[in-house]
Amino acid sequence: MENWASDLGDFITRNAAWGAPVLGLITFGESLVLIGGFFPATALMLVAGGLVATGVLDGPTVLAWCIAGAILGDAVSYWLGRKLGPRAWRIPILRKYRRLMARARMFFRRYGVASIYLCRFMGPVRAFVPLIAGVTAMPNLKFQLANVGSAIIWVPVMLAPGYLAGKGAQLIGGQHAMEWALGGIAVVAILALILHALRERKAARDEHQP
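Conventions we followed
- Residues numbered from 1 in each chain as written.
- Predicted model: local features only at pLDDT ≥ 70, side-chain atom pairs only at ≥ 80, totals over all residues.
- Heavy atoms only, no water.
- Helix = DSSP H or I, 4+ residues; strand = E, 2+ residues; numbered from the N terminus.
- Buried < 20%, exposed > 50% of the residue type's maximum accessible area, 1.4 Å probe, protein only.
- Contact = heavy atoms within 4.5 Å.
- Axes fitted to C-alpha atoms, helices over the stretch in contact; angles between N-to-C directions.
- Left-handed = near helix turned anticlockwise from the far one by under 90°.
- Patch = residues over 30% accessible without salt bridge, like charges linked within 9 Å, V, L, I, M, F, W, Y side chains within 5 Å.
- Areas by Shrake-Rupley, 256 points an atom, 1.4 Å probe, with all protein chains shown as cover.
- Salt bridge = Lys/Arg side-chain N within 4 Å of Asp/Glu carboxyl O.

**Digging into the overall build of the chain**
Okay, so step 1: Of the regular secondary structure elements, the chain holds ten helices and zero strands.
Okay, so step 2: When the helices and strands of the chain are read in sequence order from the N terminus, they spell out α-α-α-α-α-α-α-α-α-α.
Okay, so step 3: For the chain, with 210 residues in total, the buried portion stands at 47%.
Okay, so step 4: Within the chain, contacts between residues at least 6 apart in sequence are counted, and of these 76% link residues at least 24 apart.

**Quick notes on the side chain of Glu 30**
Okay, so step 1: Tracing the backbone shows Glu 30 in helix 2 (residues 16–30).
Okay, so step 2: Discounting chain neighbours no more than four positions away, the residues touching Glu 30 are Gly 36, Phe 39, Ala 41, Arg 126, Ala 127 and Trp 154.

**Considering the packing of helix 4 (residues 59–84) against helix 8 (residues 128–135)**
Okay, so step 1: Contact geometry of helix 4 with helix 8 gives a least axis separation of 6 Å together with a crossing angle of 35°. The crossing of helix 4 and helix 8 is right-handed. Listed contacts from helix 8 to Asp 74, Ser 77, Tyr 78, Leu 80, Gly 81 and Arg 82 of helix 4 are Pro 130, Leu 131, Ala 133, Gly 134 and Val 135.

**Points about a nonpolar patch on the surface**
Okay, so step 1: On the surface, a cluster of nonpolar side chains totalling about 580 Å² of accessible area is made up of Tyr 111, Tyr 117, Leu 118, Phe 121, Met 122, Ile 153 and Val 157.
Okay, so step 2: Of all the secondary structure elements, the ones that give two or more residues to the nonpolar patch are helix 7 (113–118) and helix 9 (140–173).
Okay, so step 3: Here Tyr 117 is to be found in helix 7.

**Some remarks on the environment of Val 125**
Okay, so step 1: Structurally, Val 125 is set in the loop between helix 7 and helix 8.
Okay, so step 2: Residue classification places Val 125 among the buried residues on the basis of a relative accessible area of 3%.
Okay, so step 3: Along the sequence, Val 125 and Ala 102 sit 23 residues apart, while their C-alpha atoms lie 9.4 Å from each other.

**Observations concerning the pattern of salt bridges**
Okay, so step 1: Counted by the stated rule, this structure contains three salt bridges.
Okay, so step 2: Note that Glu 30 is salt-bridged to Arg 126, the shortest N-O span being 3.6 Å. In this pair, Glu 30 sits in helix 2 while Arg 126 sits in the loop between helix 7 and helix 8, placing the two residues 96 residues apart along the sequence.
Okay, so step 3: With relative accessibility at 11%, the residue Glu 30 sits in the buried group.
Okay, so step 4: With relative accessibility at 2%, the residue Arg 126 sits in the buried group.
Okay, so step 5: One salt bridge connects Asp 74 with Arg 120, and the closest N-O pair in it is separated by 3.3 Å. In this pair, Asp 74 sits in helix 4 while Arg 120 sits in the loop between helix 7 and helix 8, placing the two residues 46 residues apart along the sequence.
Okay, so step 6: Under the relative-accessibility criterion, Arg 120 is labelled buried at 3%.
Okay, so step 7: Overlapping salt bridges, with partners in common, bring together Glu 30, Asp 74, Arg 120 and Arg 126 in one network.

Following this line, the structure appears as structure tokens:
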């Protein structure tokens, strides 16, 4: 995962024109049920925030692509839940994640619409909450309004640390502003990758507990 994120970060840095579409694809994949854990969206968005701060990437374009990807990813997970309905609990590939699905279901039952906003920041259960919303037949308009609103909040929040690190490094870097900025972005990205790995490991332990 770390190598993949690093390689994608390098690709975005070298190919700025493709940066925003690639980030949009990553946020789309990160929002999909089952495969979301394989997409290092958190680390890459931190890197992207720094690249926006240093002028490598265009901020509004990155925002637009990432928000669109996040919205579409959750919408697909929701519609999958609507299509499957209660049968989702009996599908073999989903039964492997029964503990995560149970956690997502309890979270959704407790917080309702607010869970769509909160789950954006919740790691392992992240992509299961929209699925549960679909399985439980949450009204489409109600879900999509929360989906769009949460994406508009989530994307800037995820870009902000890298952006602030990049801007701060520029302020103190003087002649070596770019080097300081890239160094700061790298540190933030590494910390994000470590946090992501720890969350995935904890989720795996929870999933395999009897």
